[in-house]
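Letter by letter, the chains look like this.
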Amino acid sequence: MAPQTRGLSFPKIVIEGDSDSEQSSSSSEDEDEVQNDAGEESEQVDEVEVVEESEASTSAKSRRQPISISLKKVCKVCKKPGHEAGFRGATYIDCPMKPCFLCKMPGHTTMSCPHRVATEYGVIPAPLKNTHSSLEYVFQRQVRHHIPTIKPSFVIPKYLNCGVVRYHSRRITCLEFHPTINNILISGDKKGQFGVWDFGKVHEKAVYGNIHSCILNNMKFKPSNDGTVYGASSDGTISCIDLETGISSTLMNLNPDGWQGPSSWRMLYGMDINSDRGLLLSADNFGFLYMADARSNNVIGKPILIHKKGSKVTGLHCHPLQPDLLLSCGNDHFARIWDMRLIEDRSSIYNLSHKRVVNSAYFSPQTGSKILTTSQDNRLSIWDSIFGDMDSPSREIVHSHDFNRHLTPFRAEWDPKDNSESLVVIGRYISENYNGTALHPIDFIDVSNGQLVAEVMDPNITTISPVNKLHPRDDVLASGSSRSIFIWRPKENSELKRQRDPSRILLCGKGEKERKSKFEDDSGDDDFGKDTYGSKSSKTKKTNLKKSKVCSSKRKY
DNA sequence: AGGCGATGAAGCC
DNA sequence: TGGCTTCCCTCGCC
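An account of the accompanying structure is given in this report. For every chain, the first residue of the written sequence is number 1, and numbering continues from 1 onward in sequence order. Chain A is the first chain written and ligand 1 is the first ligand written, with later ones labelled in order. Reporting of local features is limited, given that this is a predicted model, to residues whose pLDDT is at least 70; pairs of side-chain atoms are given and counted only at 80 or more, and all residues count toward the totals for whole chains, interfaces and linings. For side-chain calculations, the full set of non-hydrogen atoms in the structure is used, while hydrogens and water are omitted.

**A word on the overall build of chain A**
Point 1. Helical segments are the DSSP runs of H or I of at least four residues, strand segments are the runs of E of at least two, and each set is numbered from the N terminus. Per the secondary structure count, chain A includes 11 helices and 36 strands.
Point 2. Remark: exposure states derive from per-residue accessible area (1.4 Å probe, protein chains only) relative to the maximum for the residue type, with buried under 20%, exposed over 50%, and partly exposed in between. Put simply, chain A has 557 residues, and 49% of those count as buried.
Point 3. Contacts in chain A between residues at least 24 apart in sequence constitute 51% of all its contacts with a sequence separation of at least 6.
Point 4. Accessible surface is estimated by sampling points in the Shrake-Rupley manner with a 1.4 Å probe; for residues, cover comes only from the protein chains shown. With the model as given, the accessible surface of chain A reaches about 27,800 Å², and the carbon-plus-sulfur share is 51%. Note on definitions: a residue-residue contact is assigned when non-hydrogen atoms from the two residues lie within 4.5 Å.

**Here's the deal with the sheet that holds strand S13 (residues 237-242)**
Point 1. Should DSSP find at least two bridges between two strands, the strands are regarded as paired. If you walk across this open sheet you meet the four strands as S11-S12-S13-S14, and the pairing is antiparallel. Two strands bound the open sheet, and with one partner strand each, they are strand S11 (216-222) and strand S14 (248-253). When strand polarity is set aside, the average angle formed by the axes of neighbouring strands in this sheet is 25°.
Point 2. For S13 and S14, the ladder comprises five bridges, and the chain directions are antiparallel. Paired with Ile238 across the two strands is Met252, which belongs to S14. Lines fitted to C-alpha atoms define the axes here, with helix axes fitted over just the stretch in contact, and angles between the N-to-C directions of these axes take values from 0 to 180 degrees.

**Looking at the packing of aromatic side chains**
Think of a pair of aromatic rings as described by two things: how far the centres are apart, and how the planes are tilted against each other in angle.
Point 1. The rule is short: rings of Phe, Tyr and Trp, with Trp giving its six-membered ring, pair when the centres are within 6.5 Å, and they are stacked under 30 degrees, edge-to-face over 60, tilted in between. The tally for this structure, following the rule as stated, stands at eight aromatic pairs.
Point 2. With 6.0 Å between their ring centres and 75° between their planes, Phe177 and Phe199 make a pair best called edge-to-face. Of the two residues, Phe177 is situated in strand S7 (residues 172-177) and Phe199 in the loop between strand S9 (194-198) and strand S10 (204-208); the sequence distance between them amounts to 22 residues. Both residues of the pair, Phe177 and Phe199, belong to the buried class.
Point 3. With a centroid separation of 6.2 Å and 25° between ring planes, the pair formed by Phe194 and Tyr208 is classed as stacked. Taken as a pair, Phe194 in strand S9 and Tyr208 in strand S10 lie far apart in primary sequence, 14 residues in all.
Point 4. In this structure an aromatic cluster arises from ring pairing among Tyr167, Phe177, Trp197 and Phe199.

**Some thoughts on the sheet that holds strand S16 (residues 279-284)**
Point 1. Read across the open sheet, the four strands follow the order S15-S16-S17-S18; overall the sheet is antiparallel. The sheet is open, and its two borders are formed by strand S15 (268-274) and strand S18 (299-305), each paired with just one other strand. Averaged over all pairs of adjacent strands, the angle between strand axes in this sheet comes to 20°, irrespective of strand direction.
Point 2. Relative to S16, S15 is paired through five bridges, and the arrangement is antiparallel. Residue pairing across strands places Asp272 opposite Leu281, the latter belonging to S16.

Structure follows, in C-alpha cells:
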C-alpha cells in the first residue's frame, strides 16, 4: 500500500552500537532476533536500526558510538517493534495494537473476532428479538432451536461458469442484467466505458468507449423500451444508450461549461427510474437530486437538496410498489426516505443513521417492506418497516467491506427471486486462506437470521469482487472483479464440461493474442485446472501456489 | 520484482 | 470551514 511505503521510504537511519537505552528496551522479540542472529552471523553485520529521531541526536549518537548496524523489525501498521503485521503465507496477521479490522472493536484481532468465528456469521441480534426472561431463554434455546425454518433452501450459484478476463480497461463499477433477454449483461467501468455481453454465447461482446469520459456509476434499463439504457456518470451527464448500436445521446449535463475546478464539477452517482411517474431520478456529489421526464427526456424543476450540502449522494432507489416513496443514501452517514409528492429541500420523512458513509440502500425487491443498507462501518443493516421501526435497524450484520479507495464501493444486493426477501449477496474485502491461497469470497447472507449461507469463490480469481448482481429470473450470479466479469451457476453437473472448456474464459486486452495461442496449446489437456488458470504473481501468493494443486500456472486472471 | 499512483474520507489543527 | 496528513489485505503498469 502506498502510504506504507511512503511512511518508510525516507527513514532516518541511525548507526549505533549497544546503547544502554537500547538494551533496556529490548523485548522478548528481540531475544528471538538474537537467537536467529546466533545462527547466521553474517546477518548481524547487515542489521540496520530504523529510528525516528531528530537530526541532532542522530549525529550525536553516531559520533559517540562505534559502528554496529542493527535492523529492528517494526510493525508496518503501528510502526512499533515486537510484532509484525502482514501476510504470512495466505493468512493475514493483524496488528494487535489496532482495533479489530473486521468489527472495529478493540481488544482482539480479526483472527479471533467473534464475528469471524461465530456460526452465525457476524450477527448482532435484533434488539427487539432479545429474550427478557429465563423462561423465554429456555424456549428460544431448546425449543425454537429445533424448529426447522419454513422456507425452501436457497439456490446458490457457486460454480464459475464463464467469464471475460480483462474485459474492461479499468475496474468494473456497475452491472445490470437485461430485463427480458436472459443472457445479456451490461457493465460499466471507471473510465466510463459501457459493455454489452451475451454470456450465453460467451464470445459475443462489445465495449463502447465514447459515451462517458469518467466513472459510469449506475445504469438502468428504460422501462418502456428495454433496448435503451440510461447511464449516470461522474462526468456529470446522463446518457441514453441504444443497446444495439452503442449510439448515445445526452439527456442531462450538469457541467455545460466544462471544467471550472473541483469545487464546481458535478458528478452523478445514484440513479433510478420511477416508471409510474415517468421520472428519471439522479443525484450528485453536492447533495442534490435531479429529475427528468423519462418520455420527453426533459429536465424537470430545480435541483432538490436531499443530503448534507456538499456531500455525495451515493445511491437512489424507488419503492417497488409505492411510487411515492424514494430512498436515498449518502456520504453524510444517512439513508433517507422521501415522499415524492411533497419532496423539497430537506423534507425527508425518515432518516436512517449510520456510523459511516452509506454505500447503498435498497428496498426489498418484492414488497419493499425492508431496507438493506451497506455502510463503511463494516455493517449491513436491515430496517424492517413492519416488525421494526425506522429509529434503529432491526438487525446489523458485521461484514468486511470497508475498503474505500481504489475499489468500487461494496453494495449488498437483494436476490430479486427470493420470495422471503432475506437472501443478500455482497463481496468480501478481507481474505481467507483457502488451501494456501488468499481469496476474497462473494458472500450470500440470510438477513433474517444473519447467517452466512455461502461463500462463493474460485481459486483462480484472487482479486476482490465488489460488484455483484443476481439475475432477475435465473439462478445466475454476475460478479465484477477488477476489470473482469464472471458468471456463476448453481450446478456443475451438466455444465461441467462446458465449464472446463477454456473457451468459456475469454482473455482480453494486452497480450490477448499470446494468451489465446497458449490457450489453444492447452486445449488438449484434460486437466483443465492445471494449465489454463493461474493465480496472482505477488510474493505472498506465489508461495501459496506451491501448496495449491489447482493454481500451478504462471498465467493469471 | 518492486515502486508508483490513481484515489476518497476521516481527523486534526 | 479548509488545508493537510494519514490510512491494515488494491491492482495494474512500468
